[in-house]
Structures are given as structure tokens and as C-alpha cells.
Protein chains: 2
Amino acid sequence: MADNKKMVEAITSMEEDFAKWYTDVVKKAELIDYSSVRGCVILRPYGYAIWENIQKWMDGAFKKTGHENVYMPMLIPESLLQKEKDHVEGFAPEVAWVTHGGNEKLAERLCVRPTSETLFCEHYAHVINSYRDLPKLYNQWCSVLRWEKTTRPFLRTMEFLWQEGHTMHETAEEAIAETEQMLNIYAQLCEKVLAVPVVKGKKTNKEKFAGALATYTIEAMMHDGKSLQAGTSHYFGDGFAKAFDIQFTGRDNTLQYPHQTSWGVSTRIIGAIIMTHGDNNGLVLPPQVAPIQVVIIPVAQHKEGVLEKAAELKERLSRFCRVKMDDSNNSPGWKYAEYEMKGVPLRLEIGPRDIEQNQCVLVSRDNREKTVVALDQLEAAIPQLLGQLHDRLYQKALENREKRTFTAHNMDEMIQAANGENGFIKAMWCGDLACEEAFKEKAGVTSRCMPFEQEHLDDVCACCGKPAKAMVYWGKAY
Amino acid sequence: MADNKKMVEAITSMEEDFAKWYTDVVKKAELIDYSSVRGCVILRPYGYAIWENIQKWMDGAFKKTGHENVYMPMLIPESLLQKEKDHVEGFAPEVAWVTHGGNEKLAERLCVRPTSETLFCEHYAHVINSYRDLPKLYNQWCSVLRWEKTTRPFLRTMEFLWQEGHTMHETAEEAIAETEQMLNIYAQLCEKVLAVPVVKGKKTNKEKFAGALATYTIEAMMHDGKSLQAGTSHYFGDGFAKAFDIQFTGRDNTLQYPHQTSWGVSTRIIGAIIMTHGDNNGLVLPPQVAPIQVVIIPVAQHKEGVLEKAAELKERLSRFCRVKMDDSNNSPGWKYAEYEMKGVPLRLEIGPRDIEQNQCVLVSRDNREKTVVALDQLEAAIPQLLGQLHDRLYQKALENREKRTFTAHNMDEMIQAANGENGFIKAMWCGDLACEEAFKEKAGVTSRCMPFEQEHLDDVCACCGKPAKAMVYWGKAY
């Protein structure tokens, strides 16, 4: 029998306490552990493996679109961070400062990178001289640190893993096209790989990245109706280029400033997976990034031939999917609960009677539906069942979002909607910061994005009644 | 024509100034750039791509041997670092300290990880309870920081990228077997992948890792006869386990301490590649990790059909090797020099006459030997030429090492050998620290390792004349 520490205990139900359900799941599915480093978590093998699968897909997509990986220092001198005014204002209050090296006090403080625009710019000033050197399409995989007061695993931690793309272009048009391309890649990751539907849009000035001219975002709705920003892409114009004196000789032989972008997705997206698909039995992982796609559970494994057959299946399945066979002494029921907690998409049960009939039972994690499959049909059946599971997860999440998307035509309706169940609230906006702040103050919602797919709900702003400039999705966010 | 900044300039010759040759190569082959962060370098796309290829091979080898990746925080509280006495003594003088988060002074200083034994141990104390939880075979890919006074790209930088494996075992025997297994994987990486011959051995107590009972090493000899430690593997016994109170219930139902290892290889190994294979025309890259294995140079590319043919070949070759086609306006001669500087193993030249005769010319980077190959034979010829190039690089490096391996029977011979050309000096040693220090003081050499393949040169120590315990390789090291 398993020792007590590993017994699968019940988790708090989502309906009772969504926040506690979330914390229970990340711990009990063995995604993370806490450490004595405040605000930082340990990514355990099962949690890190999800990130590796996400990385692999993204890295492939970046390389296919001509991007190259680099690595910049993790420390940034204070004077370098201060070169771009808006940027430093946004980040200085939330960085960690290195003040001593060995036993010596440093002449200049260094911050642990919260993001690397400044380092990339310094390097670009060295290597960009002519239009022939453009575009520069760089990406970096690394960890960054932001001194957060309250933290939650994946959603907000002081240190987190991410990729940060930083590119330089000859023209504004090319740079803007790059931000759109990368946002589309992020949306593809969410929808096609993680089964998480997203709304693509533009952030308001208030919500945009420090130093950016425009920030594009993909917003996903969690099971509880709150929004999660799953990836962002920024257009900087030539602001940093001017601050860092990056110039190139153009085709017309004049000196010009290049146009810049940056874009990033972090381990936060694992939080989105958990809160979009999980249920009261634990994690539900989208098949494409599940570290284990099929778990084989031998039934009555002490009987002759069962373990041999299970091992043979494992060997065979490993050629086309990520498979694990659990032949520990735990009971089948215990194992079912364990791998449900871990969100393994398919469970393959095989016992003496199945072997006799040359078949097995496949159970889908999300709906527990059982499919009896002839053993010689597994190569076709498993990818099909995994694909169907992905589609069901996506549809279910989309339905949740649609059910929780509301409309408000004025402040009263906004307040009423915001006091109801969480979700997106669509409302027209004049573009003024004052109205954005009024929505926050009176209804407790922030602007999530101005979606690319605009609807004309009214002619005027739902707050002030002045002419509306855009339809905005408002809501509560992680 | 190319702009002046990118013109390939001559580099300092190795014979004139090896250190300057090295710095010229890393800059001109575009492996690194300097930044305003003292002691840290930027890994540019070409340099980082070499690391990615090394990573990919290692990560595969680790996973095949049952290891799992995790991610630990980059910051370590001072109290945690201090838990193991020898360890903190070794590392405290060379760490960077974070003292402020945002605008607040921290109650406890945090160091940026110089290595992560302490964090792994803290986590292991949480997750190891029974012998069923063992072994734990974890690895981490990350960057670490050590506050170095003098730095050189790849060889010694304040921050560097590496992998650090940390494992826990039921018995000492299993842990020792793990250190040997990982050392063998490192040796395989060097010899079979990077064409760098290595000597496997054990470090003396003076040279071992802070907190380890035994450190195993692979030592490679650079072109200039100096030694470079290319990878290490440590056996810790249960010292850390006791300091961190990690205990498990054994098969006999008693509480026991597990036995620990750690092992690492860093971007330093790129320095070994450069200094083992490089020549006065620049880098020479071992084919298996070369970001570009074949560069196609169209000759007389303005003539009809040349660029089309080159593009067609690129498409074809990309199915079985990493290939680039350079159709820029630079002259073929300029391109030849550029890709020699970058160490690309094979250059494929194709011009109008070649096309007529349905052939091309393949030039090997190391010996500039030309091979005329029929176009329909490329699928066979390229892998063969790359394999031969690998073998030649390995042989040449091995010959250099053999030529530069000397023997000393007493201190006079040691001093004489150490004053000659650099290399390994084999000499017997009694095991006393005093003699090790005497060799350093009088001859300027340090112990590189006690090779696993021992030779019995004498009965007595070459320093003190007392009975010898081991043959040691002595030398100067990077």
C-alpha cells in the first residue's frame, strides 16, 4: 500500500471556494512545492513537464517565423534601467536590488531583470548599423523577478519562467505586423494546443506595458468568470531606440531609428489551463501538453499475464504517445483517483477478461466516458479520443465564456452586471481615463481589452455619454 | 558590398597571442557581445545555437537514464545557504546579495544562486519519506551567478548557463554509481559529440567541490596545453541530508539518511570547443553541434540558373542537415572567409560550370580539402564528410594531448617540465596536501585529477619520497 503522505485526499470543491480548490489542485497534482523563498515556487517534475511541452511548441513556432534565441545577463545596472523614462517608472518599484558582490558593496546597484528591453536595446545599438541588419528577430527563454506583495502559484509569483521576444524593424508597419503575428501565434497556442479560447484585442493606455505605444493582448476567461491575460505583444515605436541611440543607415542613405516590439508568454499560462479545464476531481490537462497522455492501469495485476500485457502495451503506445504504466501495489481505485487528480487525458484499463477478449477500456478524463477498444485498434483510437477530448474542452470553455458575457449600456447596468456572476461585460467607451477609472471605482471592473472584433452597441460611452470610441470588455482579472 | 562593420578582418594568430586569438574569435564569429553588466556576456544567436544543440543532446541523455527536469527559485535566503558548513564556506565569498525588494530593505538577505544544493535539499526534505520515494533523479537547466574578479567569455563569467543534476539514493553504492554514470555521459558528450578527448578521474581533496566527499571530473587539454575542467560529478554521502534533516523509512522500517549526488556542465564547454579545434582562420565547429553544418555559396550568382539551383539544393539538404544558403551581394571570397571564421564544417560551392556537369564542390573547414560530388550523391556524401571531419578533429586533439603529456619523477623534473611547453605532467603523489601545495608553489602546477586509468610510475611521491598513493595529472588550467 502507498504510504499515507501520498494518499489522494479530497480537494475543496470549486463551488465552495475556487481559490482554495486551485491551491489544492496545484499541490496535490504535484505541480509545485513551496520553498523558504517567499513568493517563489518550485516547479516539480510534473509541473515543469507541462512547461517543457508548451516551450517546445512555442520555440518551434518562433523558429518557423524566423526568430533566433539569445541569452542576456540576468542583472541590469540601475543606470541602464533608467534610460527609458516610462519604462523605469513602471518597473523600478517592483525590482529586487543586488547591492553586494561577495563581501564588497557595489558602486552601482544592479536589479534582477523584471524584463529585458534595456539589455536588448543596448545590444541592438552595437549590432544594428544598416537596413541590411534589419529585422532583428530575437527571443529569450529565461526567468524574471518582480517584487510582488501577494503571490499565487503560476498566476503571480515573484520569479517566473517566460519567453521574451524583442525585435527591431525598418518600418513602423513591419513592427506592427510583427506584434500581430506574435499575438496570433499566442492565440493559436491557447486555442489549438491548450484548448483555451481567447479574445484578441488592444489594451487601453492605462493597462499597457510601461514604455509601449500599444499593447495587444489575449484574454481568457477562467471557470469562475474572471479574466486572465494569457499573452501580450507590444509595439514601442522608436522610443527606446531614441533613448538608447540605436540608428541605422536606411535605403535612402539617411540615419533612421528602427521600430521595436516585444512579446511574452509565461508559466502563468499553466494557471490558465488549470482554471479553465480543472474540475472537482483535480486537473484536466489538454492532451497536447499533458506530460502523460495515457496511463495504463493493470486490473487484477497479480493474475498471470496481466502485467506482461500491460508492459507490452506501454512499449507499443510509447511509439506514438506519452504513456505511463502504473504497476505499483496501490489498488486500481486508488490509481484512478491519482491520475484523475493529475489530469491524465486517457486511462487505459486492462485486466484478465479484457486480455481474453483482446480488448481494453479507455476512459476519458473529462466526462469519464468509457470506450471499449480492440487492442489492434489502439493506434487509431487513442489519437482520435485525444483529439475529441481537446475539442470538448475547448467547446466547454467557449460555452462558459459565452454564458458569462454580458452587456451594459450605462453605469447602472454596469454596476448590476458586475455585482452578478463574474464574466466579461461589454460596454462602449469614450477613450477617457476618467471613465475607465469610474468603472473601476463604481463597479469594481477594469478594462480587459478593446477586442479586434468590435460590436457597435451604442453611439455613446456607457459612463459619460460622450461619443464612444470603442467597445471594451470589462471584468475582474487574475 | 557589405558595409565595413561586417568585413571579416584578420584575427591575432594563436602562436602570437593565444588569449587574444581566443577573444578575437568569440567576437568575430559573433558568439558573444559584451554588455554594461560587468563580467557577464550576451550569448548571440550563433553562440546560443551551439548551446541549444549541446542541451538537446544532454537533455535526451538525462531523460533516457530516468532523470526529470524541475525548476527551483533563483534566490536563496542566507540562512538556507548556511545550513551546510563546508558548502557555505566555499560559496559565500563569491555570491551576489539581494538586499532590497522594491523600495524596502529585506529582513534577510537573499543570494542569487551560485548552485542549488540547498534548495534541492529543502525540497527533498518535503517529498522523501519512504524508500519507495527513492531514487529522486532531478535536473535543472538555469543560469547561476558567481562574483568573479577576472572573467573571460565562456571560460569564466559571473553569470553562466548550465545544468545541475541533484539526486538522492537509498544507498551509498547507488549514489556512487550515479556519479559514475553521469561522468560517463559527460565524457560521451565531449568525445562522441564535441570531438574533445577527455581524461576521466577524481579530484584531490583540495580541488573538490565545497561540501562533497568526492568530486569526479573530465579534463580536456586545450590547443595551448592548458587543461580545462569540462564537467564534474560529486558524491556527497549523507552530509547535506543530515544538515537538512532528510530521512526516509527504509526497507527494514528504520529511519535512514539518503545518499546524494550532484553534477553539472556549463556553457564553459563552448570555450573548450573553441580552444580545442579553432585555428588561425577562426572557429572550427564539431559537426554535431554546429548551428550551420553546410553553407551553400553560389558562384557567379548573377548567371542564369545559379541561384535557383542553390535554393533547390538548400531545400533538399535541409531534410537531413542544418544548411544555410548565402545569396547576399558579398563576393564568394568574402563569404568563404566569413564562414571559415564561423567554423561551418562544410562549404558547398556551386557555379554555372558545376551545374552543367551536375556536380558541386564540398570543402571541409579543418583541412580545406575539396571533394567534387555528383549532385545526386549529396545525401550520402555530406553525412560521410561530416563524420570524417569529426574523426579528424578528435584525432588531432588526441595527438596534441599525447604530444604534450610528460612525466616527472621528482621535483626537479616537475619544475623543468612545468617550465617547458604547457601540458599534463604525470607524477606520483603521496596524498598529502603539503606536497600538492609544494608542486604549486615551486612548479606553478595544480592537480588536474587522479585519472581512473592509473599508471605505476614510481613507488614514491615525486615531492616528498614517501610511499605514493596515486598517479596525478598536474598542469596549468583555465
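Thresholds, definitions, all that
Residues numbered from 1 in each chain as written. Chains lettered and ligands numbered in written order. Predicted model: local features only at pLDDT ≥ 70, side-chain atom pairs only at ≥ 80, totals over all residues. Heavy atoms only, no water. Pairing = 2+ DSSP bridges. Helix = DSSP H or I, 4+ residues; strand = E, 2+ residues; numbered from the N terminus. Axes fitted to C-alpha atoms, helices over the stretch in contact; angles between N-to-C directions. Least-squares fit on C-alpha atoms with pLDDT ≥ 70 in both. Contact = heavy atoms within 4.5 Å. Buried area = accessible area lost by both parts, 1.4 Å probe. Salt bridge = Lys/Arg side-chain N within 4 Å of Asp/Glu carboxyl O. Polar contact = N/O pair within 3.5 Å; in protein donor to acceptor, adjacent residues only side chain to side chain. Nonpolar A, V, L, I, M, F, W, Y, C, P; charged D, E, K, R; others polar.

A. Main features of the sheet that holds strand S6 (residues 104–112) of chain B. Strand order in the open sheet formed by 6 strands is S4(A)-S6(A)-S5(A)-S5(B)-S6(B)-S4(B), and the pairing between neighbours is antiparallel. Pairing within the sheet leaves two strands with one partner each, and these edge strands are strand S4 (75–77) of chain A together with strand S4 (75–77) of chain B. The mean inter-strand angle of the sheet, taken between neighbouring strand axes irrespective of direction, is 45°. Where S4(B) meets S6(B), 3 bridges bridge the pair, whose relative direction is antiparallel. For Pro77(B), the partnering residue across the bridge sits in S6(B) and is Leu110(B).

B. Spotlight on the relation of the copies chain B and chain A. Structural alignment of chain B on chain A gives an RMSD of 0.0 Å, achieved by rotating through 180° and translating 0.0 Å along the axis. What we have between these two chains is a two-fold relation. Nearest to the rotation axis, the C-alpha of Val98(B) is located 2.1 Å from it, this being the minimum over chain B. Comparing interface residues between copies, 100% of those in chain B also sit at the interface in chain A, which points to an isologous, same-surface contact.

C. Region of interest: the interface of chain B and chain A. At the junction of the two partners, chain B supplies 62 residues and chain A supplies 62 residues. For chain B, the biggest contributors to the area lost against chain A are Pro45(B), Tyr71(B) and Met74(B); these three give 13% of the whole. The interface formed by chain B and chain A contains 2 salt bridges. Across the pair Glu52(B) and Lys63(A) runs a salt bridge, and its minimum N-O distance is 2.9 Å. One can count 25 residue pairs in polar contact (both at pLDDT 80 or more) joining chain B with chain A. Looking at the side of chain B that touches chain A residue by residue, the class counts come to 32 nonpolar, 13 polar and 17 charged. Strand direction decides the pairing type here: strand S5 (residues 96–101) of chain A and strand S5 (residues 96–101) of chain B, joined by 5 bridges, are antiparallel. When the sheet's bridge partners are listed, His100(A) is paired in S5(B) with Trp97(B).

D. Quick peek at the sheet that holds strand S15 (residues 294–298) of chain A. Residue and element names in this part refer to chain A. Reading across from one edge, S16-S15-S17-S18-S19 is the order of the 5 strands in this open sheet, with mixed pairing throughout. This sheet does not close on itself; its edge strands, each paired only once, are strand S16 (323–325) and strand S19 (370–374). If you compare each strand with its neighbour and ignore which way they point, the axes differ by 25° on average. One ladder, built from 5 bridges, connects strand S18 (residues 359–364) with S19; its direction is antiparallel. Looking at the pairing, Gln-359 lines up with Ala-374 of S19. Contacting S15, S16 and strand S17 (346–350), helix H9 (residues 306–317) runs over the sheet at an angle of about 170° to S15.

Any link to function would need more than the numbers given here.
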